[in-house]
Amino acid sequence: MAHRFDVFGWFDNEFDADGFRECSVTGFNVHRSVEHYVKLYGVTAVVFLLVGGLFALTVALTRWETVALLEAGDYYRHLSMHAWSMLIFWIIFMEIAILYVGGPMVLGRKLPAKWAAAVGYAVMLLGAILIYYSIWTVSGDPTADNAPLLTAYVPLEINPLFYASAIVFLVGVTLAALPFLLTIWFEKRANPGKTLPLVTFGAFVASMIAVQSILGGLIAFGGALAWQFGYAPWFDAGIYRQWFWIIGHGTQQINLVAMITVWYLFTHVIGGAEVVSEKVSRTAFILYLFFIVMGAAHHLMVDPGLSAGWRIWNTSYAFYGATFASLIHAFTIPAGLEAGRRKRGKGGGLFGWLTSAPWKNPVFSTSIFAIILFGFLGGITGVLMGQLQLNMSWHNTFATVGHFHSTVVLGTTLTFMGVVYFVIRTMFMREFVSPKLATLQPYFYASGMALTALMMMYVGILYGIPRRTNEVVENIPGTDFSIQGAAPLFDVFGVVAVFAIAGGALFVLLAVGSLLFGKRIESGDNDDLVADGGSAEPRSADSRALEARDDLAMAEDPEDPVHAYEMRGTFVLCLIFLAVFVVAYVLNWYLLTQLWSIGA
Amino acid sequence: MSNTNTTNGTPLEYVQRTLRQAWRDTLSIYYANTTIWRYLKSGALLWFGLMIWAFSNLVLSYQPDWTFMYYVMAYGFVLVLWGPLTHFVVVPLVIRVRRSGTTSPLRFVARHGSKLNLTVFFLIVIVLGAMPFGPMVLDFQPPATGDDGDTASVNADLECAVVDDVIECELTDAEGFDHAAVMSGGEDVKTVDGPPYEFELDPDEHDQFVVELRDEEGNQLHRFVERVEGVDSE
Amino acid sequence: MTSPIKPPEGNWWDQPVNRRESIWLGLGVGWALVLFGWMSAFTRIGDQNPIGETYRVTSEELRESVDAFKAEAEERDDGAYVPPGDDIYVVGMQFAWDGLPVVLETGREYNFHLGSYDVQHGFSIRPEHAYSQQINLHVTPGKEWIVPMEFDEPGTYHVLCNEFCGEGHEGMHGEIYVED
């Protein structure tokens, strides 16, 4: 029976008398309250992706100075819109949806405190609209009304409405996360000795980092407001930066944990992966929780007023705790895929388990490309930039922009695109409006965006091109100096960036098109989504309940000895990764030592 | 599938065995011909080529006398094209010919196609390394002709002082711009033509203002921000 | 092995870890130690460290120091200051670097007094003959950061701002002439 607010037939799955239905792909016991909110937040997220994508085009065509689309004032406004749409709205609306999947949906529970999901959604939307408004109405007067960009650095004069709207948004996020937290609470109360599934555990860690980040954000934005109104004159640039980056980097760590949680889910459901060591994976999640907030200070490596000892402590003990956790997942996720697929007879030789995987399935290919590209591009450059001294060659250059486009775009956004594809098939129950294009789109987008991020890093490291400016190559206003040598690389950048944005546009078209025009799927027609060899069989002719898929059920045996399964393919890949890491590290350091002498 | 981590045999034998296995694995990857393998190999080589090319340019800009880096640079540069060419075109072709070809010229291709391909590749690398040409080498300094950008330097010093409750400002050492505009609250408050570029403001109305230097078309060339608290009284 | 979407039963904590995974964990720990160790050691043995004393100052005090520097310095025909001693000032403001242009000698260590009169700026410097040799430091108002630097190569070093400081930021540029 369709929901009261059903639009386009999007909320019309059949549920039993208690409001549950069983998913034929995952075996989850899905309650309609959970599913409806996952759909709501997910669709909203894609709308923000579209908005952010439009601004990506104008921003890219401005940095590509052959086109030089926008003047300075417009550029800073468009840049602010792009940043908030993508990094905050698209990603955070998706993460609420993912929390609801990872918590109540995996656990087979109803969504508690539905009012909080609804009110949280409304408040988040209100905050987003207010932020858009406060950005769009910026006059650009440097003495009174500057574009906030992402960071809104105190003491730059910025419309107080902006800081207030950001606080509103954070309150909305807190409310929206409440049903997830309550679910965990109720589950632990009902089953005190039982361990949470790994995916739920990951989602829980993400929510805990969110609590820390939101607190940091409230202090940063609240402090900025207090400073603007004269109540906290001591709240200076340094203090703001410290508190801002707790939410600034904290949100990135949430993105990382959410993404990793999705990788465990999809490699299992689509690829037949299993968890090779619950202990190691869970420990890695805990390491993230403890270390990442302190690690936020790697944004302050070349700030005045911070002792070398504090900076080194922060970026190493704290951050390497988190880096080590990433190295762990870098192994356990492919290893889980390799061991799981070998067990199911899909492995052969060193990499047969990987090459025989369902590469045509966009839910799978998005996650795998994300794993590879996030690791090689985002992860390595992140650690390089986080070294106290190397940071001098990266800080505020366009290479930094390349780094975070590798992490949040090639990592998180690509993974979340896979989530949207999955939700379209298994919850909206729609075929892709073009399965061929859906297969192609992740390849298209990942390759375009990877080259774009690479070009950003090249112009930043090879030429020291600054970020956050609209002209520096063809001409620097008011002087005859400019960094003309970077023009050829920027020409490459311009082309690949447009290509990447087209790949993103294709995604939005496919997603929206499938929701509006995709053929409706009846139960059981999702077989091609399932891991090789699996199928959904109804238990009996007149029951709508389904058997858990055999191949997924193979994973439910903790006594199944992990040492019986080969992981040498994963080991080789990780060694290659480490080798690239070492080479990049040595090269970056060597070049630094060739510079003039700096520092006490 | 059992674990093959046997540890018998001397260390030397272990190394030999590992190397032989690694060579066999390399060959099998080189000749792997499914669609996904073609994409993975080409993608990885394209990547690797781009990296090597960029790193070489970078190192060369720091050490201009390390001319051997031109060969490394050429390797990366050519690989960007040759990697995908090899794995999307050459290797599948060689394999197809091996399976079907029986006539002499085809037999030659089947048996030596890959070696031929690699030979041509390295020849091109050596030639380019010896004679580095424009698109391969990145520039890290302004062009020799000095013809970079069409703007001359814009110079001026903004000096302001508070005299009898009025802010008097002057742009000294002014060059490179057509006129100045004083902006407050985002709007133009006055236009300043000169020389001399002098103007007065009421500090009660405008306690912060922007002085913008513009060209004939009104494009912004340079800006100053002045805040009254920082201005000395005379 | 277990499923990520089902609660693991039994004593999952004590399940043995695959040998290759253990090796990888060891490599990871080793690499993290290298990252920490090299970075820390370099503060003692290396020549490029973003380290220097920082003082709290008001914008007025900083302006006075810079004015005093300009008064004492000799001014060349091209407008560049010749520093009277080893101290030079590079202070960011909307939208220029106060204290520049300045002319320095190669092989001599100068104390760069970095700061800002108004908002956050990014001190980004590179020589004209090799754009790739660039470093960046951050400056904030209310602080004076003294970072010693010594140039070995003569040339014109261009200083840009790489932190958004308002419309006009694109044109924020200064020069340092380093001569033998």
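Since the structure is predicted, the reported quantities are computational estimates derived from the model, not experimental observations.

Moving on to the overall build of chain B. Across its full length, chain B holds 4 helices and 8 strands. Counted from the first residue to the last, chain B has its helices and strands arranged as α-α-α-α-β-β-β-β-β-β-β-β. Residues classed as buried in chain B amount to 39% of the 234 residues present. Within chain B, contacts between residues separated by at least 24 positions form 54% of all contacts whose residues are at least 6 apart in sequence. Accessible area of chain B: about 13700 Å², with a carbon and sulfur share of 57%.

Residues and elements named next belong to chain A. It is the contact of helix α10 (residues 362-385) with helix α13 (residues 435-463), at a shortest axis distance of 9 Å, that shows an interaxial angle of 10 degrees. In this view, α10 runs roughly parallel relative to α13, as classed from their interaxial angle. Residues Pro362, Ser365, Thr366, Phe369, Leu373, Leu377 and Thr381 of α10 pack against Ala438, Pro442, Tyr443, Ala446, Ala450, Leu454 and Met457 of α13. For the contact of α10 with α13, a count of residues per class yields 11 nonpolar, 3 polar and no charged.

This brings us to the interface of chain C and chain A. Each partner contributes residues to the interface: chain C has 82 residues there, and chain A has 117 residues. With both chains or domains summed, chain C and chain A bury close to 9000 Å², and 66% of this area falls on carbon and sulfur atoms. Together, Met1, Ile5 and Trp24 of chain C form the three largest contributors to the area buried by chain C at its contact with chain A, with a combined 11%. Joining chain C to chain A, the criterion identifies 4 salt bridges. The salt bridge involving Arg56 of chain C is made with Asp236 of chain A; its shortest N-O contact spans 4.0 Å. Connecting chain C to chain A are 35 residue pairs in polar contact (both at pLDDT 80 or more). Secondary structure elements with two or more residues in the side of chain C that touches chain A: α1 (19-45), β1 (53-56), β8 (121-127), β9 (135-139), β10 (143-150) and β11 (155-161) of chain C. In terms of residue class, the side of chain C that touches chain A is made up of 42 nonpolar, 25 polar and 15 charged.

What follows is about a positive patch on the surface. All names here are of chain B. A cluster of like positive charges, contributed by Arg98, Arg107, Arg111 and Lys115, occupies part of the molecular surface. Considering each element in turn, the positive patch owes the most residues, 3 residues, to helix α4 (residues 104-130). On the secondary structure map, Arg98 appears in helix α3 (residues 69-100).

Residue and element names in this part refer to chain A. Applying the stated criterion across every chain yields a total of 24 salt bridges over all chains. With a closest N to O distance of 3.0 Å, Glu274 and Lys343 form a salt bridge. Of this pair, Glu274 sits in the loop between α6 (237-269) and α7 (278-295) while Lys343 sits in helix α8 (residues 308-343), placing them 69 residues apart in sequence. Of the two residues, Glu274 and Lys343, neither departs from the other in class, the shared state being buried.

Residue and element names in this part refer to chain A. Running from N to C, helix α2 (residues 72-107) and helix α4 (residues 160-190) cross one another at 15 degrees; their axes reach a closest spacing of 8 Å. Our classification of the angle between α2 and α4 gives roughly parallel. Judged by the twist between their axes, the crossing of α2 over α4 is left-handed. Two secondary-structure elements touch here, α2 through Trp84, Ile88, Phe89, Ile92, Phe93, Ile96, Leu99, Tyr100, Gly102, Gly103, Pro104 and Leu107 and α4 through Phe162, Ala166, Phe169, Val173, Ala176, Ala177, Pro179, Phe180, Thr183 and Glu187. A per-class count over the contact of α2 with α4 returns 18 nonpolar, 3 polar and 1 charged.

All right, on to the interface of chain A and chain B then. On the side of chain B, 43 residues touch chain A, which itself brings 36 residues to the contact. Our enumeration of links across chain A and chain B arrives at 7 residue pairs in polar contact (both at pLDDT 80 or more). Within the residue set of the side of chain A that touches chain B, elements represented by two or more residues are α13 and α16 (568-593) of chain A. In the side of chain A that touches chain B, the residues fall into 21 nonpolar, 11 polar and 4 charged.

A full pass over the atoms with the stated rule returns 75 aromatic pairs over all chains. Taking 5.0 Å as the distance between ring centres and 85 degrees as the angle between the ring planes, the aromatic pair formed by Tyr30 of chain B and Tyr31 of chain B counts as edge-to-face. Residue classification places Tyr30 of chain B among the buried residues on the basis of a relative accessible area of 17%. On the basis of relative accessible area, Tyr31 of chain B is assigned to the partly exposed category, the value being 25%. Taking the centre distance of 6.1 Å and the plane angle of 65 degrees together, the rings of Phe112 of chain C and Phe151 of chain C count as edge-to-face. Note that Phe112 of chain C is positioned in strand β7 (residues 109-116) and Phe151 of chain C in the loop between β10 and β11, a separation of 39 residues in sequence. Taken as a pair, Phe112 of chain C and Phe151 of chain C share a single burial class, namely buried. Sitting over the ring of Phe428 of chain A, Lys39 of chain A keeps its end group 5.0 Å from the ring centre. In this arrangement the basic side chain of Arg63 of chain A is found over the ring face of Phe398 of chain A, its NZ or CZ atom lying 4.4 Å from the centre.

Procedures and definitions
- Residues numbered from 1 in each chain as written.
- Chains lettered and ligands numbered in written order.
- Predicted model: local features only at pLDDT ≥ 70, side-chain atom pairs only at ≥ 80, totals over all residues.
- Heavy atoms only, no water.
- Helix = DSSP H or I, 4+ residues; strand = E, 2+ residues; numbered from the N terminus.
- Buried < 20%, exposed > 50% of the residue type's maximum accessible area, 1.4 Å probe, protein only.
- Contact = heavy atoms within 4.5 Å.
- Areas by Shrake-Rupley, 256 points an atom, 1.4 Å probe, with all protein chains shown as cover.
- Axes fitted to C-alpha atoms, helices over the stretch in contact; angles between N-to-C directions.
- Parallel < 35°, antiparallel > 145°, perpendicular 65-115°, else oblique.
- Nonpolar A, V, L, I, M, F, W, Y, C, P; charged D, E, K, R; others polar.
- Buried area = accessible area lost by both parts, 1.4 Å probe.
- Salt bridge = Lys/Arg side-chain N within 4 Å of Asp/Glu carboxyl O.
- Polar contact = N/O pair within 3.5 Å; in protein donor to acceptor, adjacent residues only side chain to side chain.
- Patch = residues over 30% accessible without salt bridge, like charges linked within 9 Å, V, L, I, M, F, W, Y side chains within 5 Å.
- Lys, Arg positive; Asp, Glu negative; His and termini not counted.
- Charge placed at Lys NZ, Arg CZ, Asp CG, Glu CD.
- Left-handed = near helix turned anticlockwise from the far one by under 90°.
- Phe/Tyr/Trp six-rings, centres within 6.5 Å; stacked < 30°, edge-to-face > 60°.
- Lys NZ or Arg CZ within 6 Å of the ring centre and 35° of its normal.

All we've got here are geometric facts, nothing functional implied.
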